[in-house]
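# Examination of the molecular architecture
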Amino acid sequence: MNLEIIGITVLGMFLFGYIIIASIDFGAGFFNAYSTVRGKQHILTKIIQRYLSPVWEVTNVFLVFFFVGMVGFFPKTAYYYGTVLLVPASIAIILLAIRGSYYAFTTYGGLKHKRYVVLYGLSGLLIPASLSIVLTISEGGFVTIEDSGPVLDYWVLFTSPLSWSIVVLSLTAVLYISAVFLTWYAHQAKDEAATNLMRKYALIWAAPAIIAAAGIIIELRIHNPEHYQRLIDLWWLFALSVAFFIGTVYFVWKRHSYWLAFWLLIGQFSLAFLAYGISHYPYLLYPYLSIYDSFTNETMAAALIIAFIAGLGLLLPSLYLLLKLFLFNKEYVQGKRNDHV
Amino acid sequence: MGNEEAVFFSRILTELTLSFHIIYATIGVGIPLMIMIAQWVGIKKQDEHYILLARRWTRGFVITVAVGVVTGTAIGLQLSLLWPNFMVLAGNVIALPLFMETFAFFFEAIFLGIYLYTWDRFENQRKHLLLLIPVAVGASFSAVFITIVNAFMNAPQGFDLAGGQLVNVSPIVAMFNPAMPTKVAHVLVTAYMTSAFVLAAVGAFRILKGSNHPYHKKALFLTMKIGLIFSITSAVIGDFSGKYLAKYQPEKLAAAEWHFETEEGAPLILYGVLENGEVKYALKIPFALSILAHSAPNAEVIGLDQFPEDEVPPLYIHYLFDVMVTIGMWMTLLSLVYLVGTWKKWRFTASRWFHWLIVLGGPLSVLAIEAGWWLDEVGRQPWILRGIMRTKEAATTSGQVDLMLLLFAGLYLILGIGSIVVLMRMFRKNTVEQELSDRAAERSGEVL
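Anyway, here's the lowdown on the structure attached to this text.

How each quantity is defined
- Residues numbered from 1 in each chain as written.
- Chains lettered and ligands numbered in written order.
- Predicted model: local features only at pLDDT ≥ 70, side-chain atom pairs only at ≥ 80, totals over all residues.
- Heavy atoms only, no water.
- Helix = DSSP H or I, 4+ residues; strand = E, 2+ residues; numbered from the N terminus.
- Rg over C-alpha atoms; globule rule 2.2 N^0.38 Å.
- Buried < 20%, exposed > 50% of the residue type's maximum accessible area, 1.4 Å probe, protein only.
- Polar contact = N/O pair within 3.5 Å; in protein donor to acceptor, adjacent residues only side chain to side chain.
- Contact = heavy atoms within 4.5 Å.
- Axes fitted to C-alpha atoms, helices over the stretch in contact; angles between N-to-C directions.
- Phe/Tyr/Trp six-rings, centres within 6.5 Å; stacked < 30°, edge-to-face > 60°.
- Lys NZ or Arg CZ within 6 Å of the ring centre and 35° of its normal.
- Buried area = accessible area lost by both parts, 1.4 Å probe.
- Salt bridge = Lys/Arg side-chain N within 4 Å of Asp/Glu carboxyl O.
- Nonpolar A, V, L, I, M, F, W, Y, C, P; charged D, E, K, R; others polar.
- Core = buried A, V, L, I, M, F, W, Y, C linked by side-chain atoms within 4.5 Å.

Let us now look at the overall build of chain B. Counting its secondary structure elements, chain B contains 15 helices and ten strands. A globule of 448 residues ought to have a C-alpha radius of gyration of about 22 Å, and chain B, at 24 Å, matches this closely. A principal-axis box enclosing the C-alpha atoms of chain B has dimensions of 80 × 45 × 40 Å. A total of 448 residues make up chain B; the buried ones form 59% of that total.

Spelled out as structure tokens, the structure:
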């Protein structure tokens, strides 16, 4: 295994972590807003607030980690992606900023207006949509290299079926992941009404999520045949992923072992993510940038990997403590403790 | 849009983001330490007032942290979006502290979440205080790592350029560059100082608004004491910063001091205006610049005559220097007089107008932070990486920077107003008196 692969693996882990944690967060915000509009907030709001409150800040850090690590391990991405992503990334930052700060404003500052709840929920759908553009661009065909530098062709991007399929996948995945997690969480909290509602949402969004994912593979056949071929070569990983998906749906359907349903979902997404990552190899931006020609120098790579390992040594116990105190603490989850400042 | 325009708007947008972010970042670095001190004093003295002080500061802190986090994310991404060429080079040489900063921030975020939701969860209050240590350490280390990156921009080292290629990269040498010790120390200490004076301003304001509660007096006395300690430390470190500049960035020192000719026994110029290249109405302190730069009254200080014209920073940074130093000295004096006056029971330090001066000290301290950062950033021009890469070579080629500038200006306006409104509502609705009696009632209920 060479340094380049280690580097991209580290980044892949952060990206995957962000996708899962942020999906739960975004989806929770949306379900909360939806139930508020439908006048059912009494069922969901408490559960969602209790989960989100201690972890909202942590979500953002995964994203920061990913892009700082990206520039660290693959500095040339700053030039290619930095130049072409100015507009989409700026919009995503602004949405994230409004979302993050209004979360704090409403939770701790008492700005509890229905309007904010709805805005908050909608921003959670717009952010994955705008961030997913990065994945679309990486497939190639949207960026050309001019004399002045790389240029993104917005017209091609917005008229491409591939980019819209990826947007649809990001939205359905967000809702599906979040619903499955919250079903488990609500069940742990012994909140039957919330469990039933979230279970319903999980079952509703399961099919669209898997169909959107399959749709992308078909889109790629036209858009980037090389990538498509590599995906097909990894068919067994996808088959396994689908098996996990069926497992999740089965357990949710049977109202049985929600924890297992959620971990099967993690398995499903990590296998699909892994297969996608392997088939994307070695390109970061097809066909201009690969992990080899954009890689940093060896000294820096070694330093970053050492820092990463040392950092994990510090973070994993802390994260464990956070989960133990809130996510897996029965008293807290069931709302018997508050202890807020 | 031509490249010149892209450079111009990129600079404005970066300046705007940094100027906005630095307010929340400075408070975010300093306040955890203040909370820690207050909670510690509270536990030590078994004084409910200090515990409540820590509690209320924490609540306000959460709001400023939220804005600090999102604007920090913005500046982190904007570095790549607006200065892609710089980030390619920086990624190769100085990515290590950037990477470590995210770890420090992660550490802080996790423990802040825990700290917030575990008030009253522990029998032993000391255990809860322990949870704050990672928050304070994480916050301060975030500042340390980011300031290291800024120090590198001022005094780049740890690599060689051979035919446009980077060779012999050493991330550790790059981190421990000559600008690093003074810059890191200065940023940390002034963050503590500013946070203390901002909190002092809040306390003084409550007293002016008619609250006679000892809670506010304790808060004011504590924060002014901390403020004095850190403002004296800042002055000492400021002196070291002068010596660093004289040795490694003489053009920055010379431009900030309007020191045009290289000479021995150079005077320090404070205030004044520049008219047609002539300094007027200035206060000249003989030999002071030589002492600041080299600790010797007759030492030679390099002037701007030693530099080509296109490598001289804008001369208006002198005004920024004046603002920063004047406020720093003023706050040192103000806090000293307040403490001596309170101790000696002088009348005027307990008067209304003196409290108004303390209230004014809050925004003034923040202004000093802004002036200091503008001095640092503008004083490095025309370089983004001193001596290696010019700012104009580093900027994006994208044509939409002006539009993004408008969007972000709108965002900062919303966040600024939002955070102020929320903070005011938070504390106005729930007064100290109210909360103290609530808590007393709660406790007696527990005993019964």
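Broken down by element type, chain A carries 14 helices and four strands. On C-alpha atoms alone, chain A measures out to a radius of gyration of 20 Å, which is about the 20 Å that the 2.2 N^0.38 rule sets for 341 residues. In terms of overall dimensions, chain A has C-alpha extents of about 60 × 40 × 40 Å along its principal axes. Within chain A, the proportion of its 341 residues that are buried is 58%.

Attention now goes to helix 3 (residues 84-93) of chain B. Among the ten residues that make up helix 3 of chain B, nine are buried, leaving the element largely enclosed by the rest of the structure. Along helix 3 of chain B, the residues that are buried comprise B:Pro84, B:Phe86, B:Met87, B:Val88, B:Leu89, B:Ala90, B:Gly91, B:Asn92 and B:Val93.

Residue and element names in this part refer to chain B. In this fold, Thr233 is placed in helix 8 (residues 214-248). For Thr233 and Ala6, which are 227 residues apart along the polypeptide, the C-alpha to C-alpha distance reads 40 Å. Within the local environment of Thr233, its side chain forms a polar contact with the backbone oxygen of Ile229, the two atoms lying 2.6 Å apart.

All names here are of chain B. Position of Asn154 relative to the elements: it lies in helix 5 (residues 125-154). At 3.1 Å, the side chain of Asn154 and the backbone oxygen of Asn150 are in polar contact. Reaching out from Asn154, the side chain makes a polar contact with the side chain of Lys252 at a distance of 2.9 Å. Setting aside anything within four residues of it in sequence, one finds Asn154 in contact with Ala179, Lys183, Tyr244, Gln249, Lys252, Asp376, Arg380 and Arg386.

A few words now on the packing of helix 10 (residues 225-233) of chain A against helix 11 (residues 235-253) of chain A. In the contact formed by helix 10 of chain A and helix 11 of chain A, the axes pass within 5 Å of each other and the chain directions differ by 65°. Taking contact as the criterion, the partners of A:Leu231, A:Ile232 and A:Asp233 in helix 10 of chain A are, on helix 11 of chain A, A:Trp235, A:Trp236 and A:Phe238.

On inspection of all chains with the given rule, the structure shows 46 aromatic pairs over all chains. When the centroid spacing of 6.4 Å and the interplanar angle of 40° are considered together, the rings of A:Phe158 and A:Trp164 count as tilted. The exposure class assigned to A:Trp164 is partly exposed, which follows from its relative accessible area of 45%. Within the aromatic cluster, the residues linked to one another by ring pairs are A:Phe14, A:Phe62, A:Phe65, A:Phe73, A:Phe74, A:Phe295, A:Phe308, B:Phe99, B:Phe103 and B:Phe106. Just above the ring of A:Tyr120 sits the side chain of A:Arg99; from NZ or CZ to the centre is 4.0 Å. In this structure, B:Lys344 packs its charged tip against the face of B:Trp343, placed 5.1 Å from the ring centre.

In this section: the interface of chain B and chain A. Accessible area lost when the parts come together is the quantity often used to give the size of an interface. At the junction of the two partners, chain B supplies 65 residues and chain A supplies 68 residues. Taking both sides of the interface into account, the surface hidden between chain B and chain A amounts to around 6,200 Å²; carbon and sulfur atoms contribute 77%. Counting across the chain B and chain A interface gives zero salt bridges. Sorting the residues of the side of chain B that touches chain A by element identifies helix 2 (48-82), helix 3, helix 4 (95-116) and helix 14 (401-429) of chain B as the ones contributing at least two each. Each residue belonging to the side of chain B that touches chain A can be placed in one class, and the counts come to 44 nonpolar, 16 polar and five charged.

This part takes up the pattern of salt bridges. Residue and element names in this part refer to chain B. Within this structure, the stated rule accounts for ten salt bridges over all chains. With a shortest N-O distance of 2.4 Å, Lys183 and Asp376 are connected by a salt bridge. Taken together, the residues span a long stretch of sequence, with Lys183 in helix 7 (residues 180-208) and Asp376 in helix 12 (residues 352-378) at a distance of 193 residues. A relative accessible area of 16% means that Lys183 is categorised as buried. Residue classification places Asp376 among the buried residues on the basis of a relative accessible area of 7%. Asp310 serves as the salt-bridge partner of Arg390, at 3.5 Å between the closest nitrogen and oxygen. With Arg390 in strand 10 (residues 389-390) and Asp310 in the loop between strand 8 (300-301) and helix 11 (317-344), the pair connects residues that are 80 residues apart, well separated along the chain. If you follow the salt bridges from partner to partner, you end up with Lys183, Lys252 and Asp376 in one network.

This brings us to the nonpolar core. Most often, soluble globular proteins keep nonpolar side chains buried together rather than apart. In this structure, A:Phe31 and B:Phe86 are the most contacted members of the largest nonpolar core, which totals 239 residues. With 18 residues, the single largest contributor to this core is helix 2 of chain B. Among residues more than four places away in sequence, those in contact with A:Phe31 are A:Leu44, A:Ile48, A:Leu175, A:Ser178, A:Ala179, A:Leu182, A:Met198, A:Tyr201 and A:Trp205. If you look at the next biggest cluster of nonpolar residues, it comprises twelve residues, including B:Ala255, B:Ala256, B:Phe321 and B:Ala371.

All right, on to unusual backbone geometry then. Here A:Tyr281 and A:Pro282 are connected by a cis peptide whose omega angle stands at 0°. Along the chain, A:Pro282 falls in the loop between helix 12 (258-280) and strand 3 (283-285).

As for its position among the elements, B:Asn92 is in helix 3. Within the structure, the side chain of B:Asn92 is placed 3.1 Å from the backbone oxygen of B:Val88, a separation counted as a polar contact. In this view, B:Asn92 contacts A:Pro75, A:Thr296, A:Asn297, A:Met300, B:Leu166 and B:Val169; residues no more than four positions away in its chain are not counted.

Function cannot be read off these values alone, since they describe shape.
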